[in-house]
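# Structure at a glance
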Amino acid sequence: MRNTFAGLDTARKALSAQQYALESTLHNVANANTPGFSRQRVELGPTTPQIIESIRGIIGNGVTIDAVIRIRDEFLDYQIRDEYSIRSYREYCADIYTRLESFFNEPGEGGLKKALNRFYESWQNLTRDVTDSSLRAEVRASGDVLCSILNAFDYSMHQLIQDIDAAILATVNNINTYARQIAALNYDIFMIEAEGKYIANDLRDRRDLALDKLSQECEITIMEENNYLSVTVNGVRIISHNNVTLLGAELNPATGLHELSWVFAPGVTLKTEIESGYLGAQMKMRHDVQYVYRAAMDQWAREFAMTINYQHRQGYYLDADGEWQQGMDFFLPSGFDDDDEAAQPNGFSIRMNPLIMDGILGLNNIAAVGMNEETGEGPYVGNNLNALRLAQIRNNKPLLATLEEAINDEILGTWLEEELGMMNLANTFEEKFAAFLLELGIRTDSNNRLYDTSTYQTLMLEQRRSAVSDVSLDEEMTNMIRFQQAYSAAARLSSALNDVLTILMDRAFA
């Protein structure tokens, strides 16, 4: 026989279920603007019915809460995290490419092209009267400005490399911080869900948010089985349940830069290369700035200085005693007149020869006078042959071919040949610089296009996830009214059953 108070118990269950549903709605509304929060839904279901033999039927016992679930599409999460790694990689590369382009300021009044043109023009102007001190001063000043611009390029790139290296340390720290957070959340979630009765919705949201952030730093692979989550980076499992393998950054004394390694135990490390996310972009751009762009401009500066120096040494100048002297290096260092590698800084460090920069007297050391190789006529006052050849270095390719052969003869067998190779003057220095800028521009444009594509794809995936998981205030208000009305109906039912039982009791015991 069915219990007399079964109806009241059914009403109680209804009141309790609708109350919890209302509280879940309130929880959703309260977290409508919480990053990473997934809306939750109370899953209602009927309780186990009761068999009534007297009527040969089954009577329901009311409602129960089967579970409180979060609305989340894990497949979308995996897609978004993969796209996060790509987008953050392209985003960082785009930032560095923009900074590189800003260093060269081309086309612009303060750029290398303008300075190079002024340098050649100053030599061309000097051919009008090699005895004019003002024209010699123009040559010296234009050369000094050219050196200053090249030195500024070197300093800017050096600082950029140091900035990227510092960013690598910050990213490594972020990765380790997120790994520790995820491992701690893993433990908490496992303890709550171990028996299979409960779902740690809010903790899972916090863990998913941390995984989203970690995927921006580097590409991750996630595997979850039986509430046991592991995260792998570049083949190394950095998170296994509540155990964490940290990423380290060791300073390389030879380069002054940091290298990545997994830290398994004190003194036990494994070097690694990360190729995705912010960290992958930082490693790539640090390498490219150092060994591609800085090295290319360093080679340009060195070859330019060596070419100008060689031709300047072919000229003559009058010393203080009025004697003709063979020309000296216009720039320092020369790059090939000393076999001691330690005494040869990079080409970016070129500067004007101090003997030429020595006030008014230094102007006399500019070797503008040349030797006529066809007639064998020696130097004389007013001869402008060497100034003319120096001006022709700008675009005279037969002259460049002659200089290439002569310079290669000088560096043959020295450390310069072994370390840097032979000189190649097939193109003018303006053409080489233009090719450098063109390649930089193409790479920048290509990366920016890929970044725009990745940003669009990420936005589309985020919008799809938002449509699934984000809180809709309109929907929650509708749910609130629905649960409120159900709660009111259950309360009225409870009141009616109470009246029935009161009458029954009054008459039974009257």
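Refer to the preceding data block for the structure.
Residues numbered from 1 in each chain as written. Predicted model: local features only at pLDDT ≥ 70, side-chain atom pairs only at ≥ 80, totals over all residues. Heavy atoms only, no water.

## Considerations on the sheet that holds strand S11 (residues 268-271)
One open sheet accounts for three strands, arranged S9-S10-S11; its pairing is antiparallel. Edge positions in the open sheet fall to strand S9 (246-252) and S11, since each of these has one partner strand only. Taking each pair of neighbouring strands and ignoring which way they run, the sheet shows an average axis angle of 45°. Contacting S9 and strand S10 (257-265), helix H4 (residues 133-193) crosses the sheet at an angle of about 155° to S9. (Pairing = 2+ DSSP bridges. Helix = DSSP H or I, 4+ residues; strand = E, 2+ residues; numbered from the N terminus. Axes fitted to C-alpha atoms, helices over the stretch in contact; angles between N-to-C directions. Contact = heavy atoms within 4.5 Å.)

## What about the pairing of S11?
When S10 meets S11, the two strands line up antiparallel, connected through four bridges. Residue alanine 265 lies in a different strand from S11, and its bridge partner there is valine 268. Here S10 folds back onto S11 in antiparallel fashion, the turn holding two residues, of which glycine 267 has a positive phi close to 80°.

## Some remarks on helix H8 (residues 385-392)
Among the residues of H8, those classed as buried are Asn386, Ala387, Leu390 and Ala391. Mapping the buried residues of H8 onto a view down its axis gives an arc of 140°, with all of them on the same face. Those residues of H8 hidden inside the fold are in contact with helix H3 (112-126) and helix H6 (277-313). (Buried < 20%, exposed > 50% of the residue type's maximum accessible area, 1.4 Å probe, protein only. Arc of directions from axis to C-beta.)

## Observations concerning the pairing of S10
Successive side chains on a regular strand alternate, one facing one side of the sheet and the next facing the other. Pairing between S9 and S10: seven bridges, direction antiparallel. Paired with alanine 249 across the bridge in S10 is leucine 260. Where S9 folds back onto S10 in an antiparallel hairpin, the turn is made up of four residues, including glycine 256, whose phi is positive at roughly 75°.

## Notes on a nonpolar patch on the surface
Judged by side-chain polarity, Phe264, Val268 and Leu270 come together as a nonpolar surface patch covering roughly 260 Å² of accessible area. Relative to the helices and strands, phenylalanine 264 resides in strand S10. For phenylalanine 264, a relative accessible area of 43% corresponds to the partly exposed category. (Patch = residues over 30% accessible without salt bridge, like charges linked within 9 Å, V, L, I, M, F, W, Y side chains within 5 Å. Areas by Shrake-Rupley, 256 points an atom, 1.4 Å probe, with all protein chains shown as cover. Salt bridge = Lys/Arg side-chain N within 4 Å of Asp/Glu carboxyl O.)

## What to know about the nonpolar core
Counting residues in each nonpolar core, the largest one holds 96 residues, and the members touching the most others are Leu100, Phe104, Trp123, Met297, Trp300, Phe304 and Phe331. Among the elements that line this core, the one with the most residues is H4, at 19 residues. Look past the residues within four positions of phenylalanine 304 in its chain and what remains in contact with it is Leu116, Phe119, Tyr120, Leu146, Phe331 and Phe429. (Core = buried A, V, L, I, M, F, W, Y, C linked by side-chain atoms within 4.5 Å.)

## Some words on the sheet that holds strand S6 (residues 228-233)
The strand order S5-S6-S7-S8 describes an open sheet built from four strands, whose pairing is antiparallel. Sheet topology places strand S5 (221-225) and strand S8 (243-244) at the edges, where each strand pairs with a single neighbour. In this sheet, strand S7 (residues 236-240) lies alongside S6 in antiparallel orientation, the contact comprising four bridges. Pairing of valine 233 across the sheet is with valine 236, part of S7. Packing of H4 onto the sheet brings it into contact with S6, S7 and S8, and relative to S7 it is tilted by some 50°.

## Notes on the packing of aromatic side chains
A full pass over the atoms with the stated rule returns 18 aromatic pairs. With a centroid separation of 6.3 Å and an interplanar angle of 85°, the aromatic rings of phenylalanine 119 and tryptophan 123 are classed as edge-to-face. A residue pair is termed a helical-turn pair when its members lie 3 or 4 positions apart in one helix, as phenylalanine 119 and tryptophan 123 do in helix H3 at four residues. Residues phenylalanine 119 and tryptophan 123 agree in their burial class; the two are buried. (Phe/Tyr/Trp six-rings, centres within 6.5 Å; stacked < 30°, edge-to-face > 60°.)

## Re the side chain of threonine 444
Relative to the elements of secondary structure, threonine 444 occurs in helix H11 (residues 429-469). Residue class for threonine 444 comes out buried when judged on its relative accessible area of 4%. Setting aside anything within four residues of it in sequence, one finds threonine 444 in contact with Tyr97 and Glu101.

## What to know about the packing of H3 against H6
Describing two packed helices takes the angle between their axes plus the distance from one axis to the other. Packing of H3 against H6 brings their axes to within 15 Å, and their N-to-C directions diverge by 5°. As summarised for this structure, H3 and H6 are arranged roughly parallel, according to the angle between their axes. Within the contact between the two elements, H3 uses Leu112, Leu116, Phe119, Tyr120 and Trp123 and H6 uses Met297, Trp300, Phe304, Ile308 and His312. Of the residues contributing to the contact of H3 with H6, the split by class is nine nonpolar, one polar and no charged. (Parallel < 35°, antiparallel > 145°, perpendicular 65-115°, else oblique. Nonpolar A, V, L, I, M, F, W, Y, C, P; charged D, E, K, R; others polar.)

## Focus on unusual backbone geometry
For residues other than glycine, phi is negative in most cases, and the peptide bonds are mostly trans. Of note, the phi angle at asparagine 105 is positive, near 50°, even though the residue is not glycine. For asparagine 105, the position within the fold is in the loop between helix H2 (74-104) and H3. In this structure, asparagine 234 takes a positive phi of about 55° despite not being glycine.

## Here's the deal with the environment of leucine 112
For leucine 112, the position within the fold is in helix H3. On a C-alpha basis, the gap between leucine 112 and isoleucine 149 in space is 6.6 Å, while along the polypeptide they are 37 residues apart. Setting aside anything within four residues of it in sequence, one finds leucine 112 in contact with Phe104, Glu106, Leu146, Ile149, Leu150, Phe153, Met297, Trp300 and Phe433.

Scope: geometric values only; no functional claims are made or implied.
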